[in-house]
Amino acid sequence: MEITVNQKTYQVDADCNVKHLFSAVLNQSVQGSAIAINQNIIPKIQWENHLLQSGDKIIIIKATQGG
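Residues numbered from 1 in each chain as written. Predicted model: local features only at pLDDT ≥ 70, side-chain atom pairs only at ≥ 80, totals over all residues. Heavy atoms only, no water.

A.B. asks: Any details on the overall build of the protein chain? Residues and values, ideally.
C.D. replies: A tally of regular secondary structure across the protein chain gives 1 helix and 5 strands. For the protein chain, the α and β elements follow one another from N to C terminus as β-β-α-β-β-β. Taking 2.2 N^0.38 as the reference for a compact globule, 67 residues should give roughly 11 Å; the C-alpha atoms of the protein chain span a radius of gyration of 12 Å, in line with that estimate. If one aligns the C-alpha atoms of the protein chain with their principal axes, the spans along those axes are about 40 × 25 × 25 Å. Among the 67 residues that make up the protein chain, the fraction classed as buried is 28%. Pairs at least 24 residues apart make up 52% of the contacts formed inside the protein chain by residues separated by at least 6 positions. As displayed, the protein chain offers around 4,700 Å² of accessible surface, 49% of which is attributable to carbon and sulfur atoms. Taking the 5 positively charged and 5 negatively charged side chains of the protein chain as two groups, their mean positions are separated by 12 Å. (Helix = DSSP H or I, 4+ residues; strand = E, 2+ residues; numbered from the N terminus. Rg over C-alpha atoms; globule rule 2.2 N^0.38 Å. Buried < 20%, exposed > 50% of the residue type's maximum accessible area, 1.4 Å probe, protein only. Contact = heavy atoms within 4.5 Å. Areas by Shrake-Rupley, 256 points an atom, 1.4 Å probe, with all protein chains shown as cover. Lys, Arg positive; Asp, Glu negative; His and termini not counted. Charge placed at Lys NZ, Arg CZ, Asp CG, Glu CD.)

So this is what it looks like as structure tokens:
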């Protein structure tokens, strides 16, 4: 199925959850990350159980240091 992450399109399996998206698809650490799917923030505690749906529009925000 097709999803959009930060305006880039990806193909993922139908059983892909948010945690799997970070580790296997994006190869990113989840540390310091927040995610919104279709403009709804998904709490980190739900990432392992939240299955992605075809057409989901995902925004990932990473915390950075600076001042």
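Don't stop here, the text continues.
A.B. asks: How would you sum up the pattern of salt bridges? Please name residues and give values.
C.D. replies: Considering all chains together, one arrives at 1 salt bridge under this definition. The closest approach of N and O atoms between Lys19 and Glu48, which form a salt bridge, is 3.6 Å. With Lys19 in helix H1 (residues 18-25) and Glu48 in the loop between strand S4 (40-41) and strand S5 (57-62), the pair connects residues that are 29 residues apart, well separated along the chain. (Salt bridge = Lys/Arg side-chain N within 4 Å of Asp/Glu carboxyl O.)

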